[in-house]
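Coordinates in review
Residue strings, one per chain:
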Amino acid sequence: AQSVTQLDSQVPVFEEAPVELRCNYSSSVSVYLFWYVQYPNQGLQLLLKYLSGSTLVKGINGFEAEFNKSQTSFHLRKPSVHISDTAEYFCAVPGRGSSNTGKLIFGQGTTLQVKP
Amino acid sequence: NAGVTQTPKFRVLKTGQSMTLLCAQDMNHEYMYWYRQDPGMGLRLIHYSVGEGTTAKGEVPDGYNVSRLKKQNFLLGLESAAPSQTSVYFCASSYDASTYGYTFGSGTRLTVV
């Protein structure tokens, strides 16, 4: 069965420091991977996605993620975070039967807390 | 361009009451979804639709019903609200079933007392 595990529920980091948010997945379907961001009291926004090709994917707001098939991981990184990056981040993978339905399975979420 | 609009934004229900959450999108998307978000559990799929007039069950459908009579609208109904349905509900839509990704609404915070 398809599943997504976000290994850290909370990640505190100081402003301008680098950060990595970890995501591991298991999937028997074609691998498309997504990261979404949810700012406080808002809906989720698409941050970036991996479809095929280059394993390093760049997204909005300076974030990037690397697809690693052998490790079944899709970790999100940013070299220097800002206070405004404080948010909850979700990794997502297509669910069973998703080729005709578009269903996504979301991880539990990682709260990134950027401190001044 | 409004994207995905959810109404209402907040609601408090008494146990046993019913209500309908409305999701409207103006992007001509075929695919629409209802998720609930609970602390530490991420988002869980309640029901979804792959086109006008179609609906299907997701991961946690019990106690909910949906309808998609018009392409742009996806309604989520609670027949008899229970405290376990206290949650934040998100609607999302997508252009295709694979690579496009979702556009989310801003959510409805529902409390059942």
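Data block above holds the structure.
The following paragraphs examine the structure supplied in this document. The structure presented is a predicted model; accordingly, all values stated were derived computationally and were not measured.

A look at the pairing of strand β2 (residues 10-14) of chain A
Residues and elements named next belong to chain A. Here β2 shows a buried face lined by V11 and V13 and an unburied face lined by Q10, P12 and F14. In terms of strand pairing, β2 meets strand β12 (residues 110-115) through five bridges, oriented parallel. Within the sheet, the bridge partner assigned to F14 lies in β12 and is K115.

So, the state of the cysteines
Under the defined criterion, the tally for this structure stands at two disulfides over all chains. Between the sulfur of C23 of chain A and that of C91 of chain A lies a disulfide, 2.0 Å long from S to S. With the S-S dihedral at roughly -65 degrees, the linkage between C23 of chain A and C91 of chain A falls on the left-handed side. Here C23 of chain A, found in strand β4 (residues 23-26), pairs with C91 of chain A, found in strand β10 (residues 87-94); they are 68 residues apart in sequence, far enough to count as distant. Taken individually, C23 of chain A and C91 of chain A each receive the classification buried, so the pair is uniform in this respect. Each sulfur of the disulfide joining C23 of chain B and C91 of chain B lies 1.9 Å from the other. Where C23 of chain B bonds to C91 of chain B through sulfur, the torsion about that S-S bond is close to -75 degrees, and the disulfide is left-handed. Of this pair, C23 of chain B sits in strand β3 (residues 19-25) while C91 of chain B sits in strand β9 (residues 87-94), and the two are 68 residues apart along the sequence. The pair formed by C23 of chain B and C91 of chain B is uniform in burial state, with each residue classed as buried.

A short note on the nonpolar core
All names here are of chain A. Counting residues in hydrophobic clusters, the biggest one holds 27 residues, and the most contacted among them are W35, L48, F74, L76 and Y89. Take this core: its biggest share by element is four residues, from β10. Not counting chain neighbours up to four residues away, the residues in contact with L48 comprise L33, F34, W35, V57, K58, G59, F63, E64, A65, F74 and L76.

Description of the interface of chain A and chain B
Taken together, the contact between chain A and chain B spans 23 residues of the former and 22 residues of the latter. Of the roughly 1700 Å² buried between chain A and chain B on both sides combined, carbon and sulfur atoms contribute 57%. Joining chain A to chain B, the criterion identifies zero salt bridges. Here chain A is connected to chain B by nine residue pairs in polar contact (both at pLDDT 80 or more).

A short note on the side chain of H47 of chain B
All names here are of chain B. Among the structural elements, H47 can be located in strand β5 (residues 43-49). Side-chain polar atoms of H47 contact the backbone oxygen of A56, separated by 3.2 Å. Setting aside chain neighbours within four positions, we find H47 in contact with Y33, W34, A56, K57, G58, P61, Y64, N65, V66 and F74.

Conventions we followed
Residues numbered from 1 in each chain as written. Chains lettered and ligands numbered in written order. Predicted model: local features only at pLDDT ≥ 70, side-chain atom pairs only at ≥ 80, totals over all residues. Heavy atoms only, no water. Buried < 20%, exposed > 50% of the residue type's maximum accessible area, 1.4 Å probe, protein only. Helix = DSSP H or I, 4+ residues; strand = E, 2+ residues; numbered from the N terminus. Pairing = 2+ DSSP bridges. Disulfide = S-S within 2.5 Å. Core = buried A, V, L, I, M, F, W, Y, C linked by side-chain atoms within 4.5 Å. Contact = heavy atoms within 4.5 Å. Buried area = accessible area lost by both parts, 1.4 Å probe. Salt bridge = Lys/Arg side-chain N within 4 Å of Asp/Glu carboxyl O. Polar contact = N/O pair within 3.5 Å; in protein donor to acceptor, adjacent residues only side chain to side chain.

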